[in-house]
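Summary of structural features
For reference, the chains in residue letters:
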Amino acid sequence: MLRPWISTNLAISADGKITSVEKRASGWTSKADHQRLLDLRRGAGALMVGHGTLKADRMTLTVDGQENPPLRCIVTRDGGVESDHPVFSKAGGPIHILSTRSNTPAPVRGAVMHHGNLESFLRTLRTEQRVERLHCEGGGMLIRELARLDAIDEFHLTLAGHTLFGGRLAKSPTGLPEDWLPASREFELRSFEPHMELGECFLSYIRRRNAQ
Ligand SMILES: NC(=O)c1ccc[n+]([C@@H]2O[C@H](COP(=O)([O-])OP(=O)(O)OC[C@H]3O[C@@H](n4cnc5c(N)ncnc54)[C@H](OP(=O)(O)O)[C@@H]3O)[C@@H](O)[C@H]2O)c1
C-alpha cells in the first residue's frame, strides 16, 4: 500500500485503557509525557486524529516554531466536524478532513474535504500531499483501523502504571473490544525509558515485518 511512514502515540493506564470516566485525555500523565507527545510531532508531515479524540481533547494539532507546519488530518464517518472547534481558529498546518461514509461531506470552512476509505486517504496524503511521515495520536478506533490495515510502522507508548481507570466501555489502544485483527501485529522494542520518579515508562516500538 502506497502511504506515508506512520507512527502512533498513546498513553495507557495500568489496566490498559486510554480513557477514563472523566474522559481525561491529557493531564493525567506527567509533564514529561506531554513534552514527549509534542516532541514526537516534530518531523511529521501530517498529524492525524479521529473525530472522537479531536472533540474530547479539544486538539489543535500544532507544532511550535516549525516553518512548514504539518497538515492536520481528522477522520470521521459522517463529516460533522464542529466549525467552532479550536482547531479552526488556532494557526497551524492545512486542515484535511476525511469523511468515510458521506459521498458529499458538507464543506467545513478552512478545511479540505475528502471522501473515501482510510487506505485511499493515506495514499492521497503520500502521492498528492507528498507526506512522508504521518503521526497519529489516536484514539483507539482510528488506531485499530490502522492496525487492521497493517499500516503502523512505529508505536510509541507511555505506560502510566500509576493509575487504574476500569470501565467496561473504556477504550484501549485498539478501541473497544471487537473482532480480532486479521493477524497479530508484532513490534520490536527500540527504546525503553523507565521514569521511577514519575511512575511512568516511555516505550517505542518498530513494526517487525520480516517475521511475516
Ligand atoms: N491516552 C491517550 O493517549 C489517548 C489518546 C487519544 C485519545 N484518547 C481518548 O480516547 C477517547 C477517544 O477514543 P476513540 O476510540 O473513540 O477515538 P477516535 O478514534 O479518536 O474517535 C472515534 C471517532 O473518530 C472517527 N473515526 C475513528 N476512526 C475512524 C475510521 N477508521 N473511519 C471513520 N471514522 C473514524 C469517528 O468519528 P464520527 O463519530 O464523527 O464518525 C469515530 O466515532 C477519548 O476519550 C480520548 O480522550 C486517549
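None of these values were measured; they are calculated from a predicted model.

Further remarks concern the site of the ligand. Neighbouring the ligand are 25 residues; Ala 11, His 51, Thr 53, Thr 76 and Arg 77 lie closest to it. Asp 57 is positioned such that a nitrogen or oxygen atom in its side chain is 2.8 Å from an oxygen atom of the ligand. Relative to its unbound accessible surface of 900 Å², the ligand loses 88% to contact with the protein. Of all the elements in the fold, those that place two or more residues in the shell around the ligand are strand E1 (5-13), helix H2 (51-57), strand E3 (71-76) and helix H4 (140-148). By residue number, the principal contributor to the shell around the ligand is H2, which donates five residues. Of the residues in the shell around the ligand, the class split is nine nonpolar, ten polar and six charged.

Taken together, the buried positions of H4 are occupied by Gly 140, Leu 142, Ile 143, Arg 144, Leu 146 and Ala 147. Directly after H4, the chain includes Asp 150, whose backbone phi takes a positive value near 55°.

What follows is about the sheet that holds strand E9 (residues 200-207). Strands in a sheet are paired, the pairing made by backbone hydrogen bonds, and the direction either parallel or antiparallel. The mixed open sheet is built from nine strands, whose spatial order is E5-E4-E3-E2-E6-E1-E7-E9-E8. Whereas interior strands pair on both sides, the edge strands pair on one side only; in this sheet they are strand E5 (111-115) and strand E8 (187-195). Neighbour-to-neighbour, the strand axes of the sheet open up by a mean angle of 20°, direction not taken into account. In this sheet, E5 lies alongside strand E4 (residues 95-99) in parallel orientation, the contact comprising five bridges. If you follow Leu 98 over to E5, its bridge partner there is His 114. Sheet contacts for helix H1 (residues 31-41): E1, strand E2 (46-50), strand E6 (133-136), strand E7 (154-160) and E9; angle to E9, the most-contacted strand, approximately 25°. Contacting E1, E2, E3, E4, E5 and E6, helix H3 (residues 118-127) crosses the sheet at an angle of about 170° to E3.

This brings us to the nonpolar core. One finds Met 48, Leu 118, Leu 134 and Leu 146 to be the most contacted residues of the largest nonpolar core, which totals 28 residues. Taken together, the elements giving at least two residues each to this core come down to E1, E2, E3, H3, E6, H4, E7 and E9. Discounting residues that sit within four places of it in the chain, Met 48 has contacts with Cys 73, Val 75, Leu 118, Phe 121, Leu 134, His 135, Cys 136, Glu 137, Gly 138, Leu 142 and Leu 146.

Along the polypeptide, Thr 19 turns up in the loop between E1 and H1. For Thr 19, a relative accessible area of 17% puts it in the buried group. Apart from residues lying up to four places away in sequence, Thr 19 is in contact with Phe 165, Ala 170 and Lys 171.

Let's shift gears to H3. Three or four residues apart is the spacing at which side chains of an α-helix point the same way, because the helix has 3.6 residues per turn. Of all the positions in H3, only Leu 118, Phe 121, Leu 122, Thr 124 and Leu 125 are classed as buried. Projected onto a plane normal to the axis of H3, the buried residues spread over an arc of 160° and lie on a single side.

This model, assessed by the stated rule, comprises eleven salt bridges. We note a salt bridge from Asp 153 to Arg 3, for which the minimum N-O separation is 2.7 Å. Pair noted here: Asp 153 is in the loop between H4 and E7 and Arg 3 is in the segment before E1, with a separation of 150 residues, a long-range link. Both residues of the pair, Asp 153 and Arg 3, count as buried. With a shortest N-O distance of 2.7 Å, Arg 41 and Glu 137 are connected by a salt bridge. Taken as a pair, Arg 41 in helix H1 and Glu 137 in the loop between E6 and H4 lie far apart in primary sequence, 96 residues in all. Relative accessible area serves as the criterion here: at 7%, Arg 41 is assigned to the buried category. Within this structure, Arg 3, Asp 150, Asp 153, Arg 207 and Arg 209 form a network of salt bridges that share partners.

About the criteria used
Residues numbered from 1 in each chain as written. Predicted model: local features only at pLDDT ≥ 70, side-chain atom pairs only at ≥ 80, totals over all residues. Heavy atoms only, no water. Near = heavy atom within 4 Å. Polar contact = N/O pair within 3.5 Å; in protein donor to acceptor, adjacent residues only side chain to side chain. Areas by Shrake-Rupley, 256 points an atom, 1.4 Å probe, with all protein chains shown as cover. Helix = DSSP H or I, 4+ residues; strand = E, 2+ residues; numbered from the N terminus. Nonpolar A, V, L, I, M, F, W, Y, C, P; charged D, E, K, R; others polar. Buried < 20%, exposed > 50% of the residue type's maximum accessible area, 1.4 Å probe, protein only. Pairing = 2+ DSSP bridges. Axes fitted to C-alpha atoms, helices over the stretch in contact; angles between N-to-C directions. Contact = heavy atoms within 4.5 Å. Core = buried A, V, L, I, M, F, W, Y, C linked by side-chain atoms within 4.5 Å. Arc of directions from axis to C-beta. Salt bridge = Lys/Arg side-chain N within 4 Å of Asp/Glu carboxyl O.

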